[in-house]
Amino acid sequence: MGKIIVEQIVSADGYAEDADGGIGFFANADWINAADTEQLRMLSEVSAIVLGANTYRMFAGYWPSADPVAEPVAVPISELPKFVVSTTLDAAPWGSDNSAEILKGDGVAAVRELRKRFAGNIIIWGSLTLSDALFRAGEVDVLRLRILPILIGSGRSFAPPDLGLRKLSLANTQSFSGGLIVSEYHLAYS
């Protein structure tokens with residue numbers, strides 16, 4: 001059975017959103033793509049992408065038209081099956097020739113069902129509300145943090161504030177040009 005991977009892009013002080021709820025602190029960072037080779041390796045083991053509605057809107061507004069020469073991860077992101085956990089969306093178009101499937105209702109239950117459908121790993125990017133629910137339910141197997149060399153001082157952590165203690169086991173850490181670090185942790189549940 002594949003793993004549920006949550007990947008977050010965070011500031012060095014652990015924030016996935018700035019104090020205004022935005023991601024401007026990494027939107028124009030040149031060094032964010034320094035780990036593309038590592039991202040491609042990880043994506044080669046992924047069978048599906050799951051997004052919350054807000055992250056889907058950001059992804060759908062950018063990735064379908066991204067230049068694969070400048071953004072090598074655009075190809076697997078475009079080709080992998082995509083699912084959107086949403087109670088508000090009626091359609092989830094993705095580019096001109098396909099769309100993401102909408103999963104209504106409980107996000108944790110929906111991800112559990114997808115885990116049964118796909119043999120490979122399933123990745124959740126951003127999607128803080130969905131990620132929070134998956135962490136609380138003990139459904140996250142791998143946490144990948146893309147840590148940017150920037151401090152923003154306040155904002156929204158990548159983990160829910162009421163999560164409680166969760167033991168992590170460091171599986172891998174790599175550093176890249178410009179100070180980007182990618183750390184992968186396995187979660188232990190007792």
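Description of the structure in this document. (Residues numbered from 1 in each chain as written. Predicted model: local features only at pLDDT ≥ 70, side-chain atom pairs only at ≥ 80, totals over all residues. Heavy atoms only, no water.)

What follows deals with the pattern of salt bridges. Opposite charge on two side chains makes pairing possible when the charged atoms of those side chains draw close. Counted according to the given criterion, the structure contains 14 salt bridges. Arg112 is the salt-bridge partner of Glu139, the closest N and O atoms lying 2.8 Å from each other. Here Glu139, found in the loop between α6 (128-137) and β9 (142-148), pairs with Arg112, found in helix α5 (residues 107-117); they are 27 residues apart in sequence, far enough to count as distant. You can call Arg112 partly exposed: its relative accessible area is 37%. (Salt bridge = Lys/Arg side-chain N within 4 Å of Asp/Glu carboxyl O. Helix = DSSP H or I, 4+ residues; strand = E, 2+ residues; numbered from the N terminus. Buried < 20%, exposed > 50% of the residue type's maximum accessible area, 1.4 Å probe, protein only.)

Looking now at the pairing of strand β11 (residues 167-175). In this sheet, strand β12 (residues 181-188) lies alongside β11 in antiparallel orientation, the contact comprising eight bridges. Within β12, the position partnered with Leu168 by the bridge is Leu187. Between β11 and β12, which pair antiparallel and follow one another directly, the connecting turn spans five residues, one of which, Gly178, has a positive phi of 80°. (Pairing = 2+ DSSP bridges.)

Here we take up the sheet that holds strand β3 (residues 46-52). In spatial order, the strands read β7-β4-β3-β8-β1-β9-β12-β11; together these eight strands make up an open sheet with mixed pairing. In this open sheet, the two edge strands, each paired with only one partner strand, are β7 (101-103) and β11. Within this sheet the neighbouring strands show an average axis-to-axis angle of 25°, counted without direction. Judged from the six bridges that link them, β9 and β12 form a sheet pairing that is antiparallel. Residue pairing across strands places Leu145 opposite Ser183, the latter belonging to β12. Against the sheet, helix α3 (residues 53-62) touches β3, β4 (82-85) and β8 (121-125), its axis set at about 110° to β3. Lying over the sheet, α6 contacts β1 (4-11), β3, β4, β8, β9 and β12, oriented at roughly 125° with respect to β1. (Axes fitted to C-alpha atoms, helices over the stretch in contact; angles between N-to-C directions. Contact = heavy atoms within 4.5 Å.)

Aromatic ring pairs are defined here through the distance separating the ring centres and the angle between the ring planes. Summed over all chains, the structure comprises five aromatic pairs. Judged by centre distance (6.4 Å) and plane angle (40°), the ring pair of Tyr56 and Trp94 falls under tilted. Placement of the pair is Tyr56 in helix α3 and Trp94 in strand β5 (residues 93-94), with a sequence separation of 38 residues. Taking relative accessible area as the criterion, Tyr56 reaches 5% and is therefore assigned buried. Aromatic side chains Phe59 and Trp63 sit 6.4 Å apart centroid to centroid with 55° between the ring planes, which places their arrangement in the tilted category. For Phe59, a relative accessible area of 15% gives the class buried. Among the aromatic residues, ring-to-ring pairing joins Phe59, Tyr62, Trp63 and Trp125 into one connected group. Across from the ring centre of Trp94, 4.8 Å away, lies the NZ or CZ of Lys82, which sits over that ring. (Phe/Tyr/Trp six-rings, centres within 6.5 Å; stacked < 30°, edge-to-face > 60°. Lys NZ or Arg CZ within 6 Å of the ring centre and 35° of its normal.)

Without other data, these values stay purely geometric and don't point to any function.
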